[in-house]
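Secondary and tertiary structure notes
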Amino acid sequence: MKINIFSIFPSIFELFLETGIVGRAKEKEIIFFKLIDIRDFASDAYGKVDDYPYGGGPGMVMMVKPIVKAMESVEDKGTTYLLSPRGKNFNQEMAKDLSKEKTLSLVCGRYKGVDERVREFVDGEISIGDYILSGGEVAAMVIVEALTRLLPGAVGDVNSVNTDSFEKGLLDAPLYTRPRVFREKEVPEVLLSGNHAEIENWREEEAVKLTRKYRKDIMKN
Ligand SMILES: C[S@@+](CC[C@H](N)C(=O)[O-])C[C@H]1O[C@@H](n2cnc3c(N)ncnc32)[C@H](O)[C@@H]1O
């Protein structure tokens, strides 16, 4: 998979794209990234990408021209999305759908937002939740990280992904590791039994209990 990221702060992504599962997937050439600095497409020598809003009001607006020119500089754009509070809410289902794409482009806004006309040059808009970030970069990272773990070969043990929360309309089961006892709090006996069928049953039951308690809304029949 290939992901193009358009931003005025591409350096934010550098460490992120080298780290953990994303970094390894990149190394294994399961995923490719292209960072495009929107400022490189500014019309003046100062790299100006924002201007005052028509009609007045607070904040600066990201100009349409540098964004569109930046996008036009990339031949293989695939499906293009603007990160935006107005967009469709990102969730695991959307992550799964997007992970099937060959190429994706993510456009990060900043300031008070982007010139409305940018929306005519993208295929869709994605929001990562009902709150306001200062820019689309962190939202793009959320999407990149969620998608990467779904790509075949990115996570060592595919069963780890299959049993994650939201995969089967359930939260993940509780997890324990050493020590067996910590300040009198013990690991459930069944996990020490070596009986895989019993352990599986216990995990499924616990996942159902947790989902009922915390996220009834995601439960499937
Ligand atoms: C300060 S925000 C602009 C918010 C805009 N004035 C509004 O109220 O809808 C600047 C940029 O951050 C990004 N952003 C902010 N919140 C976001 C969210 N929940 N999901 C995705 N992107 C977001 C968008 O790219 C946006 O253009």
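Above: the structure in question.
Residues numbered from 1 in each chain as written. Predicted model: local features only at pLDDT ≥ 70, side-chain atom pairs only at ≥ 80, totals over all residues. Heavy atoms only, no water.

The helix and strand tally for the protein chain stands at 7 helices and 9 strands. Relative to a compact globule of 221 residues, whose C-alpha radius of gyration would be 17 Å, the protein chain shows 22 Å and is clearly more extended. Within the protein chain, the fraction of its 221 residues that count as buried is 43%. Across the protein chain, the fraction of contacts at a sequence separation of at least 24, relative to all contacts at a separation of at least 6, is 74%. Of the roughly 13,700 Å² of accessible surface on the protein chain, 51% is carried by carbon and sulfur atoms. Within the protein chain, the 36 negative side-chain charges are centred at a point lying 2 Å from the centre of the 32 positive side-chain charges. (Helix = DSSP H or I, 4+ residues; strand = E, 2+ residues; numbered from the N terminus. Rg over C-alpha atoms; globule rule 2.2 N^0.38 Å. Buried < 20%, exposed > 50% of the residue type's maximum accessible area, 1.4 Å probe, protein only. Contact = heavy atoms within 4.5 Å. Areas by Shrake-Rupley, 256 points an atom, 1.4 Å probe, with all protein chains shown as cover. Lys, Arg positive; Asp, Glu negative; His and termini not counted. Charge placed at Lys NZ, Arg CZ, Asp CG, Glu CD.)

The next subject is the sheet that holds strand E1 (residues 2–7). Ordered in space as E2-E1-E6-E5-E7, the 5 strands form an open sheet in which the pairing is parallel. The two strands at the open ends of the sheet, each matched to only one other strand, are strand E2 (32–37) and strand E7 (124–127). Ignoring strand direction, the axes of neighbouring strands in this sheet form an average angle of 30°. In this structure, strand E5 (residues 79–89) lies alongside E7, joined through 5 bridges in parallel fashion. (Pairing = 2+ DSSP bridges. Axes fitted to C-alpha atoms, helices over the stretch in contact; angles between N-to-C directions.)

The subject of this paragraph is the site of the ligand. Neighbouring the ligand are 19 residues; Leu 83, Gly 109, Lys 112, Gly 129 and Tyr 131 lie closest to it. In the environment of the ligand, an oxygen atom lies 3.5 Å from a nitrogen or oxygen atom belonging to the backbone of Gly 135. Coverage of the ligand by the protein chains reaches 82% of its 590 Å² of free accessible surface. Of all elements in the fold, only E5 and E7 reach the threshold of two or more residues within the shell around the ligand. Among the elements that make up the shell around the ligand, the one with the highest residue count is E5 (3 residues). For the shell around the ligand, the per-class residue count stands at 9 nonpolar, 8 polar and 2 charged. (Near = heavy atom within 4 Å. Polar contact = N/O pair within 3.5 Å; in protein donor to acceptor, adjacent residues only side chain to side chain. Nonpolar A, V, L, I, M, F, W, Y, C, P; charged D, E, K, R; others polar.)

This brings us to helix H7 (residues 196–214). Taking 1.5 Å per residue as the helical rise, H7 with its 19 residues ought to reach 27 Å, and the 26 Å between its terminal C-alpha atoms agrees with that figure. Restricting attention to buried positions, one finds in H7 the residues Ile 199, Trp 202, Glu 206, Ala 207 and Thr 211. For H7, the arc enclosing every buried residue in end-on projection is 160°, short of the 170-degree limit, so these residues lie on one face. Away from the buried face of H7 by more than 90 degrees, exposed residues Ala 197, Glu 204 and Arg 212 are located. Among the residues of H7, the N-terminal cap falls to Asn 195, whose side-chain oxygen and the backbone nitrogen of Ala 197 are separated by 3.2 Å. (Expected span 1.5 Å × (residues − 1). Arc of directions from axis to C-beta.)

Turning our eyes to something else, we now look at the packing of helix H2 (residues 20–27) against helix H5 (residues 137–148). Contact geometry of H2 with H5 gives a least axis separation of 9 Å together with a crossing angle of 65°. Considering their axes alone, H2 and H5 lie roughly perpendicular with respect to each other. At the point where H2 passes H5, the crossing takes the left-handed sense. Within the contact between the two elements, H2 uses Ile 21, Val 22 and Ala 25 and H5 uses Val 144, Glu 145 and Thr 148. Broken down by class, the residue content of the contact of H2 with H5 amounts to 4 nonpolar, 1 polar and 1 charged. (Parallel < 35°, antiparallel > 145°, perpendicular 65-115°, else oblique. Left-handed = near helix turned anticlockwise from the far one by under 90°.)

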